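Geometric and topological summary
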Amino acid sequence: MTLNIVVGITGGIAAYKAVGVVRALVLAGHDVHVLPTEGALRFVGKPTLEAISRNPVHTELYEGVAEVRHVAIGQAADLIVIAPATANTIAKMAVGLADDLLGNSLLASEAPVVIAPAMHTEMWRHPATQANIATLEARGVTVVGPAVGQLTGTDSGPGRMEEPEVIVAAALAVAASRSAAQPGDLAGRRVVVTAGGTREPLDPVRFLGNRSSGKQGVAIAEAARARGAEVVLIAANLEVADPNGCEMRPVSSAIELQAAVTEAARGADAVIMAAAVADYRPANVSEQKIKKDASNDGLTIELVRNPDILAGLGHAPHDGTLLVGFAAETEPDDERLLELGRAKRRAKGADVLVVNRVGWTEGFASDDNSVVILGSDDEIVTRLHGTKLSVAGAILDVVASKFAHTTDDRTTKAADPA
Ligand code: CTP
């Protein structure tokens, strides 16, 4: 389907890379209208944008008044992509300023908005920018990147605009999820989701655990339910009052989680392993509370390996059950992070793997998540930073599209016995 896509380009050096975004969208068959700000035109010329977009480029708020251009562009848009989005534009969007054609078009539109921030690390980390980003995300704007890497000067860090192909993939995924992934696209599917973190008991009052809040897994379960799936939520140490129509199965340790998943996975269309499963458990669980040893300042606890639940499912025949795993990694380098994700996907036999950077402040504790979704050929399907609900939506879009392909394959095979 051809989409009417508005690409807003704002005044940062990464504006030259926005030409790649426009080009990729045009080559994908879409009708692209570029709205550069005055600042953007200092970095990239209007003739270039007109040639690449194959459409006239307007910048003036007071031109085309007869055709009410300041609202017509936004009203007609199916999708708005802003790349690069400067700190200034992000701030203007957060308060709803409309002092140029782009600002007017944004306010006059109900289309989904995807922004790709680009700025220096200090500006990105500034509390004002972070508060503006949070405001935009709460309003449903999808934020792609920024990536970590070399910036314009000699400095490097988070702030680099994502690569055009990543922005385009994320933007088209957002548009597809608005149009195709309506509630009901998972109807008739049985989806098993694990969430939370396991606890490995040491004695009646102590355990070894992890900081997983379970928010991402619960968001996936609830979103799958909202899209019509029958959902079994295997909840490791979660207190979810109302899992919104999901069948909830509480578990605590990895061994309990394994038993629950193995049982629930039979006949399931998808198993989504969002739970943080302990790799080791204490070799011995004391029946009594372990007492301090007065003669020894230290304590050594012997651990044994837990089963790898996802790998167990992935390496057993699981025809018809789509396996989605997560990779929680602390690796700071983007490329290395992806390598670790790809290796993990293969090692576990997962069909889809969600690579998730975690750290002291990232991932587990927060309401937001930054993920890269890898497909079964190790390709990047989506890269997204957003609320855990928007990440859940992106994961389910991938699941739904895999189901659609499987159904297509089955239909083709049935129709063509050769
Ligand atoms: N997982 C699992 N069983 C385990 C450990 C992890 O099923 N014993 C699943 C998780 O639910 C997740 C995926 O495997 O979907 C990856 O988990 P992660 O903690 O990132 O990786 P590990 O396998 O634990 O590897 P490592 O800690 O060495 O990175």
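First things first, this report covers the structure right here in the doc. Note that the structure is a prediction, hence the values are computed from the model and not measured. (Residues numbered from 1 in each chain as written. Predicted model: local features only at pLDDT ≥ 70, side-chain atom pairs only at ≥ 80, totals over all residues. Heavy atoms only, no water.)

1. A few points about the overall build of the protein chain
The secondary structure content of the protein chain amounts to 13 helices and 19 strands. Radius of gyration (C-alpha) of the protein chain: 24 Å, near the 22 Å computed for a compact globule of 418 residues. Principal-axis analysis of the C-alpha atoms places the extent of the protein chain at approximately 80 × 65 × 35 Å. Relative to its full complement of 418 residues, the protein chain shows a buried share of 50%. Considering only intrachain contacts with a sequence separation of at least 6, the fraction spanning at least 24 residues in the protein chain is 70%. For the protein chain, the accessible surface area stands at approximately 19,900 Å², while carbon and sulfur atoms represent 53% of it. Side-chain charges in the protein chain split into 38 positive and 51 negative, and the spacing between the mean points of these groups amounts to 3 Å. (Helix = DSSP H or I, 4+ residues; strand = E, 2+ residues; numbered from the N terminus. Rg over C-alpha atoms; globule rule 2.2 N^0.38 Å. Buried < 20%, exposed > 50% of the residue type's maximum accessible area, 1.4 Å probe, protein only. Contact = heavy atoms within 4.5 Å. Areas by Shrake-Rupley, 256 points an atom, 1.4 Å probe, with all protein chains shown as cover. Lys, Arg positive; Asp, Glu negative; His and termini not counted. Charge placed at Lys NZ, Arg CZ, Asp CG, Glu CD.)

2. Some remarks on the packing of aromatic side chains
Overall, the coordinates contain zero aromatic pairs when judged by the stated rule. Across from the ring centre of Phe403, 4.3 Å away, lies the NZ or CZ of Arg189, which sits over that ring. (Phe/Tyr/Trp six-rings, centres within 6.5 Å; stacked < 30°, edge-to-face > 60°. Lys NZ or Arg CZ within 6 Å of the ring centre and 35° of its normal.)

3. Some details on the environment of Ile90
By the element assignment, Ile90 lies in helix α4 (residues 87-95). Relative accessible area serves as the criterion here: at 0%, Ile90 is assigned to the buried category. C-alpha of Ile90 to C-alpha of Thr10: the two residues are 80 residues apart in sequence and 10.0 Å apart in space. In this structure, Ile90 is in contact with Ala85, Ile115, Pro117, Met119, Asn132, Ile133 and Leu136, ignoring residues within four places of it in sequence.

4. Remarks on the pairing of strand β16 (residues 322-329)
Of all eight residues that make up β16, seven are buried, and the element is covered over most of its length. Where β16 meets strand β17 (residues 352-357), six bridges bridge the pair, whose relative direction is parallel. Residue pairing in the sheet places Gly325 in a bridge with Leu353 of β17. One crossover worth recording links β16 to the parallel β17 by way of helix α12 (residues 334-348), and it is right-handed. (Pairing = 2+ DSSP bridges. Right-handed = clockwise from strand over helix to strand, strands pointing away.)

5. A closer look at the site of the ligand
In the neighbourhood of the ligand, 15 residues make up the surrounding shell, with Met273, Leu310, Phe326, Lys344 and Lys348 lying closest. Take Phe326: an N or O atom from its main chain is 2.9 Å from an oxygen atom of the ligand. For the ligand, the accessible surface in isolation is 570 Å², of which the surrounding protein chains cover 78%. Of all the secondary structure elements, the ones that give two or more residues to the shell around the ligand are α11 (309-315), β16 and α12. In terms of residue count, β16 provides more of the shell around the ligand than any other element does, four residues in total. (Near = heavy atom within 4 Å. Polar contact = N/O pair within 3.5 Å; in protein donor to acceptor, adjacent residues only side chain to side chain.)

6. A look at the pattern of salt bridges
Scanning the entire structure with this criterion turns up 18 salt bridges. Lys92 is paired through a salt bridge with Asp99; the nearest N and O atoms lie 2.9 Å apart. What makes Lys92 buried here is its relative accessible area of 17%. Taking the shortest distance from any N to any O, the salt bridge between Arg383 and Glu162 comes out at 3.3 Å. One end of the pair, Arg383, is in strand β19 (residues 380-387); the other, Glu162, is in the loop between β7 (156-160) and α8 (164-179), and 221 residues separate them in sequence. Look at Arg383 and you get buried, because its relative accessible area is 14%. The structure contains a network of salt bridges with shared partners spanning Lys17, Arg160 and Glu163. (Salt bridge = Lys/Arg side-chain N within 4 Å of Asp/Glu carboxyl O.)

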